[in-house]
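# Summary of structural features
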Amino acid sequence: CKPPEGPKTNLKLQKFAHPQTCLQGGGGWDCVFYIKVTNTGPADYNAPIQVRDTLPFAMPTSYALSPPWSCVPAGPTLTCDHPAVLLHPGNSVLLRITATVPYGVAKDKKICRIENSAQITKAPGGTDLNTKVNGRSNRNADPISSGGEW
């Protein structure tokens, strides 16, 4: 016999740059991005969350204003973990990332905009904790992009 299935949840990832323009900082252009993970229901979500943010190239990053998130850079990829959290339908967690494009890099690469993408890697799409998969409404298994410019 198979035990009855428990309630399922769905996580939605939203990503945006704010402000839309990167700001001059001490060592380069500071580009601020927000990643919001929302439980769209129908059940409560109660587990850790992991988000992977991929930048166009390795650059200094900061997430200091987003506890209890912890992030680890590896080249252009930033993997961020949130400890187990109870999210009722409609509740969300927010991660703030500042990526700094050094002035010399911006000049050498002749860039004035960065695009980066993020996706939920824990709980992955298609599992009982996150039922949506590629091609469905939340696109959590596909990267979600946003950009900042100067």
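Quick summary incoming for the structure in this document. It should be emphasised that the depicted structure is a prediction, and the values quoted were computed from it without experimental measurement.

The rules we used
- Residues numbered from 1 in each chain as written.
- Predicted model: local features only at pLDDT ≥ 70, side-chain atom pairs only at ≥ 80, totals over all residues.
- Heavy atoms only, no water.
- Disulfide = S-S within 2.5 Å.
- Buried < 20%, exposed > 50% of the residue type's maximum accessible area, 1.4 Å probe, protein only.
- Salt bridge = Lys/Arg side-chain N within 4 Å of Asp/Glu carboxyl O.
- Helix = DSSP H or I, 4+ residues; strand = E, 2+ residues; numbered from the N terminus.
- Core = buried A, V, L, I, M, F, W, Y, C linked by side-chain atoms within 4.5 Å.
- Phe/Tyr/Trp six-rings, centres within 6.5 Å; stacked < 30°, edge-to-face > 60°.
- Lys NZ or Arg CZ within 6 Å of the ring centre and 35° of its normal.

### Looking at the state of the cysteines
For the structure on display, the rule yields 2 disulfides. In this model C22 forms its disulfide with C31; the gap between the sulfur atoms is 2.1 Å. Since a negative S-S torsion denotes a left-handed disulfide, the C22-C31 link at about 110° is right-handed. Each of the two residues, C22 as well as C31, counts as buried. Between the sulfur atoms of C71 and its disulfide mate C80 the distance is 2.1 Å. On the S-S bond that ties C71 to C80, the torsion sits near 115°, and the link is right-handed. Assessed through its relative accessible area of 8%, C71 is described here as buried. The disulfide pattern of the protein chain is 1-2, 3-4 when the bonded cysteines are numbered in sequence order.

### Some remarks on the pattern of salt bridges
Enumeration according to the criterion identifies 2 salt bridges in this entry. For D53, the salt bridge goes to K15, with nearest N and O atoms at 3.1 Å. Taken as a pair, D53 in strand β4 (residues 45-54) and K15 in strand β1 (residues 11-17) lie far apart in primary sequence, 38 residues in all. Of the charged contacts, one joins E115 and R113 as a salt bridge, the two residues approaching to 2.6 Å between their closest N and O atoms.

### Let's talk about the nonpolar core
One broad rule of soluble globular proteins: the nonpolar side chains tend to lie buried together. I35, V37, I49 and V51 are the most contacted members of the largest nonpolar core, which has 20 residues in total. Going through the elements one at a time, β1, β3 (28-39), β4, β7 (77-87), β8 (92-102) and β9 (113-122) are the ones with two or more residues in this core. Counting 12 residues, the second-largest nonpolar core is a separate cluster that includes C31, L55, A99 and I114.

### Details of the packing of aromatic side chains
In total, this model carries 2 aromatic pairs according to the counting rule given. Their ring planes at 20° and their centres at 5.4 Å tell us that F16 and Y34 sit as a pair that is stacked. Remark: Y34 occurs in strand β3 and F16 occurs in strand β1; sequence separation between them is 18 residues. Residue class for Y34 comes out buried when judged on its relative accessible area of 17%. The interplanar angle of 80° and the centroid separation of 5.8 Å between the aromatic rings of W29 and Y103 together place this pair among those described as edge-to-face. Of the two residues, W29 sits in strand β3 while Y103 sits in helix α1 (residues 103-109), which places them 74 residues apart along the sequence. Classification of Y103 by relative accessible area gives partly exposed; the value is 32%. The ring of F33 carries K15 above its face, with NZ or CZ at 4.7 Å from the centroid.

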